[in-house]
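Observations on the model geometry
Take a look at the letters that make up each chain.
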Amino acid sequence: MWRVRRAVVACEVCQSLVKHSSGIQRNLPLQKLHLVSRSIYRSHHPILKLQRPQSRTSFQQFSSLTNLSLHKLKLSPIKYGYQPRRNFWPARIAARLLKLRYIILGSAVGGGYTAKKTFDEWKDMIPDLSDYKWIVPDFIWEIDEYIDLEKIRKALPTSEDLANLAPDLDKIAESLSLLKDFFTAGSPGETAFRAKDHGSESDKHYKKVSDKEKIDQLQEELLHTQLKYQRILERLEKENKELRKLVLQKDDKGIHHRKLKKSLIDMYSEVLDVLSDYDASYNTQDHLPRVVVVGDQSAGKTSVLEMIAQARIFPRGSGEMMTRSPVKVTLSEGPHHVALFKDSSREFDLTKEEDLAALRHEIELRMRKNVKEGCTVSPETISLNVKGPGLQRMVLVDLPGVINTVTSGMAPDTKETIFSISKAYMQNPNAIILCIQDGSVDAERSIVTDLVSQMDPHGRRTIFVLTKVDLAEKNVASPSRIQQIIEGKLFPMKALGYFAVVTGKGNSSESIEAIREYEEEFFQNSKLLKTSMLKAHQVTTRNLSLAVSDCFWKMVRESVEQQADSFKATRFNLETEWKNNYPRLRELDRNELFEKAKNEILDEVISLSQVTPKHWEEILQQSLWERVSTHVIENIYLPAAQTMNSGTFNTTVDIKLKQWTDKQLPNKAVEVAWETLQEEFSRFMTEPKGKEHDDIFDKLKEAVKEESIKRHKWNDFAEDSLRVIQHNALEDRSISDKQQWDAAIYFMEEALQARLKDTENTIENMIGPDWKKRWMYWKNRTQEQCVHNETKNELEKMLKFSEEHPAYLASDEITTVRKNLESRGVEVDPSLIKDTWHQVYRRHFLKTALNHCNLCRRGFYYYQRHFIDSELECNDVVLFWRIQRMLAITANTLRQQLTNTEVRRLEKNVKEVLEDFAEDGEKKVKLLTGKRVQLAEDLKKVREIQEKLDAFIEALHQEK
């Protein structure tokens, strides 16, 4: 009982020493603890600190084994009686070494020289472990930095107190026996204390062999322990993932009846989406962090991104460039593993193969749509959101792979375009560069590392990833070369961290789960990990995902408030500029201006239905006559009028009218109607509206008008029905009253006078100015005009002698005219005589026809009697009446088609054009331009960005 009581007192002394030690200076960062130690000391223990050897790496280690936090945690004080049972063997050695002190002190008081001699012999036999300090956890070497040993020494009991606690010889024997059992080498009966001669060579050899075996055994035990806890952690994370999925599903179904807020990463992604549409001249859209995935073509960029997203979401091709435009992927946590585009509400279930195939096809279609004709890649970004349980929250941008050579089928500037796109994303000072390098090819063939080193020479925001490590270990002759690549010794670039991953066996049909199992199995058996060329935190895609996510959020927290402040200043400047330049106008952005212009255009289209029928018919009749008058005079009237009698005249007219109606007239009438509709539509669209007119809409209205007219087509059945109507109108010869007779004569006179005027202008241009103009305006005739004038005079003499001359000259008449001109010294060509005769005879004929019109004014009586017993024949007046009536009936028919059908169809086309323009952002930017528009657009964007940033910052603080 006395011995038991003394042992209890000794334990209480040890506890009091630990409790009252006052040498703790600061908390030890949680990330420096060992795996097991961290799980123990996270919420209960402060960490003692001794001198630690210099760290062998210069970057923060990210590992799923440690799941490091970005900020130091405040640890709670020690509680009595708490001693975790799960402890690593170095911790047990440290604890027993502390017990050893008090045993030795007791032995010194009660045991004397024998205990001292035994201790010296044991101390000499302890192997030199200075070269193996890395085996012992870091906190053992740092204990003396946290504990003031001098204060502990002063707190130790005095010799008198120790005398009261001194054990007897039996207690010393028990203590020595405890030491003997503790330092047993491993096999039964073999102890670490061996009384050997120090000068013996065999003992030294045994010591070295024993040390090597122990080191190998410890390394093997360390590796198995790490893998064991890796599997335990994965199991716990999987269970946590299922639990979180259930919780999210309950929230999603509204079981808790609380309103779900947007996730933090979704809010941040919306900010980036708004920034991508912002004016690039301000250079603010690139100052917020995102993870930029860059690498050589076929280096495994897309595979790494798919492993992080836990789904095969990207299109694949054998050796072909598949990533043709940047893809922004926002990863967030959710109850279901789904994907959706920013501009679409369709969700793709990533657990179903058919939805995965549809998603890959949609991404490929969007990429090809973004690529303009004649190009291979495009800078336009595709935004994709991926949600699922257990996903790390971050925003990644997958860029087209960097190429060294432009192959056939690519645009000549493809290489430069890819470089410019990559630089545009990487030059953002807050962008995290995820540099992907293919481990299965020679490091010297890498192009992207030089580009990354230019953008981030100090490696402060770069994470290097070596893919296809399984192929590299199999094919590379020297494994140390892989270690040199991982440590960044073969490249000029520097990085925050270096990681090695395996992206599958090269089979595109492999599932993500199969790739993950293959990756874990490979690294468990890999020599790179066993020989310590790679550390546990540097392998697997899951460790990489944790590291990138931690780095991403650290960068976000450090930069987002600064960006919000810059936008506040920008907003103030824009608002001040608007107030000074446009004090009486509302701040309408481009979309709001488009809606206002859309309403004005639709109102103007509706105005077409308010045009009176009389106005339509007058315009249509006049336009149609202008289009067909030349054909009526030249091809119908003049050939028929040159016949010898009225019967031949009427026969010729009927034949030519029938041919004209069957082939040309209906088509001409439809063209005239369509052009008239266009003219009226343009008049309503372009005429100024007084003070309310805003010229900022002029380009948009003109574009809508042109596109609507281009799309509009007249009804195909209109020509067939119009042909029948026109044919029936031209068949009628019955003039019912004198008023219609006079109207036909008036119409005929106008037509003939217009032709006579045109003919006289032609003759005047042919012969030059007359004597009045020559004297008054000092004008002279050219030599050619003089020849035409002499020829005209000679032909007019011929007509005076024969007023009934036919329309064509005989060959002997041409010879006579030429000889007469030659006798006066004028050389002429027969073709010149014919051309001059055509104009001279035409003028003569038109004057004769006008005289005949005057005679026919009193001929309506004879017309009613069919010109029987009368020398007056007015068949040409009947012809023009038939033409006039046909024009009136055609105009009436076309007016009905316009008001009943075509105006409505045009209005429908205008609406479709406006809808298409509303969806085409480039069109709106091109058609609605100007300083006022751009200023309002920038002001709206800046306000929207600032509001979203403020909401995100508030949510970020609440999450903390």
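That block above? That's the structure.
Basis of the calculations
Numbers given to residues run from 1 along each chain, matching the order in which its sequence is written. Restriction of local features to residues with pLDDT of at least 70 applies here, the model being predicted, together with a cutoff of 80 or more for giving and counting side-chain atom pairs; totals for whole chains, interfaces and linings are based on all residues. Side-chain numbers here rest on the full set of heavy atoms in the structure, without hydrogens or water. To qualify as a helix, a DSSP run of H or I must reach at least 4 residues; to qualify as a strand, a run of E must reach at least 2; elements of each kind are numbered from the N terminus. Partly exposed describes any residue whose relative accessible area lies between the buried limit of under 20% and the exposed limit of over 50%, with all areas from a 1.4 Å probe on protein chains only and scaled to the type maximum. Residue contacts are counted whenever heavy atoms from the two residues lie within 4.5 Å of one another. Here, Shrake-Rupley sampling with a 1.4 Å probe gives the accessible areas, and only protein chains in the shown set may cover a residue. By this rule, a helix spans an expected 1.5 Å times one less than how many residues it contains. Directions pointing from the helix axis toward each C-beta atom define the arc. The charged-residue count follows a simple rule in which Lys and Arg add positive charge and Asp and Glu add negative charge, with His and chain termini not counted at all. Whenever Lys or Arg places a side-chain nitrogen within 4 Å of a carboxyl oxygen from Asp or Glu, that contact is recorded as a salt bridge. For this analysis, a polar contact is any N or O atom pair within 3.5 Å, provided that within protein one partner can donate a hydrogen and the other can accept it, and provided that sequence-adjacent residues contribute only side-chain to side-chain pairs. Distance thresholds for patches are 9 Å for like charges and 5 Å for nonpolar side chains (Val, Leu, Ile, Met, Phe, Trp, Tyr), applied to residues having over 30% relative accessible area and no salt bridge. Charged side chains are reduced to one point each, which is NZ for Lys, CZ for Arg, CG for Asp and CD for Glu. DSSP bridges decide pairing: two strands pair if at least two such bridges lie between them. Note on method: axes are straight lines fitted to C-alpha atoms, helices fitted across the in-contact stretch only, with angles between N-to-C directions ranging 0 to 180 degrees.

**Details of the overall build of the protein**
Within the protein, the regular secondary structure consists of 34 helices and 9 strands. Taken across its 960 residues, the protein has 43% of its residues classed as buried. Sequence separation of at least 24 residues holds for 80% of the intrachain contacts in the protein that already meet a minimum separation of 6. When the accessible area of the protein is evaluated, it comes to approximately 52,900 Å², of which 50% is carbon and sulfur surface.

**Some words on helix α13 (residues 414–426)**
The end-to-end C-alpha separation of α13 is 18 Å, in line with the 18 Å expected for 13 residues at 1.5 Å each. By the burial criterion, the buried members of α13 are Thr414, Thr417, Ile418, Ile421, Ser422, Tyr425 and Met426. Buried residues of α13, seen end-on, are gathered within an arc of 160° and therefore sit on one face of the element. At its buried positions, α13 is contacted by β1 (291–295), β6 (394–398), β7 (432–438) and α14 (448–455).

**Structural notes on the side chain of Lys924**
Position of Lys924 among the secondary structure elements: in helix α33 (residues 921–927). The side chain of Lys924 is buried and forms no salt bridge, while Glu595, the nearest opposite charge, is found at 6.8 Å. At 2.6 Å, the side chain of Lys924 forms a polar contact with the side chain of Asn591. Sequence-distant contacts of Lys924, that is, excluding residues within four places in its chain, are made with Arg590, Asn591, Phe594, Phe917 and Ala918.

**Focus: a positive patch on the surface**
On the surface, Lys699, Lys710, Lys923 and Lys926 cluster together to form a positively charged patch. Counting residues per element, the ones that place at least two in the positive patch are α24 (698–711) and α33. Turning to its location among the elements, Lys710 is positioned in helix α24.

**Remarks on the environment of Lys705**
With respect to the helices and strands, the residue Lys705 is situated in helix α24. Sequence separation between Lys705 and Met685 is 20 residues; the distance between their C-alpha atoms is 7.7 Å. In contact with Lys705, other than residues within four places in its own chain, are Phe681, Ser682 and Met685.

**With respect to the sheet that holds strand β2 (residues 327–333)**
Strand pairing within a sheet occurs via backbone hydrogen bonds; the two strands may be parallel or antiparallel. Taken together, the 9 strands give an open sheet; going across it, the order is β4-β3-β5-β2-β6-β1-β7-β8-β9, and neighbouring strands pair in mixed fashion. At either margin of the open sheet sits one strand with a lone partner, and together these are β4 (348–349) and β9 (497–500). Here β1 runs beside β6; their pairing, made up of 3 bridges, is parallel. What sits directly across from Val292, in β6, is Val397. The sheet strands contacting helix α11 (residues 301–309) are β1, β2, β5 (382–388), β6, β7 and β8 (462–467), and the helix crosses β6 at an angle near 160°.

**Side note on the pattern of salt bridges**
Any two side chains of opposite charge can pair, given that their charged atoms come close. In this structure the tally under the stated criterion is 39 salt bridges. With a closest N to O distance of 3.1 Å, Arg943 and Glu575 form a salt bridge. One end of the pair, Arg943, is in helix α34 (residues 931–959); the other, Glu575, is in helix α19 (residues 541–581), and 368 residues separate them in sequence. Overall, the relative accessible area of 24% leaves Arg943 in the partly exposed class. Taking the shortest distance from any N to any O, the salt bridge between Glu796 and Arg843 comes out at 2.5 Å.

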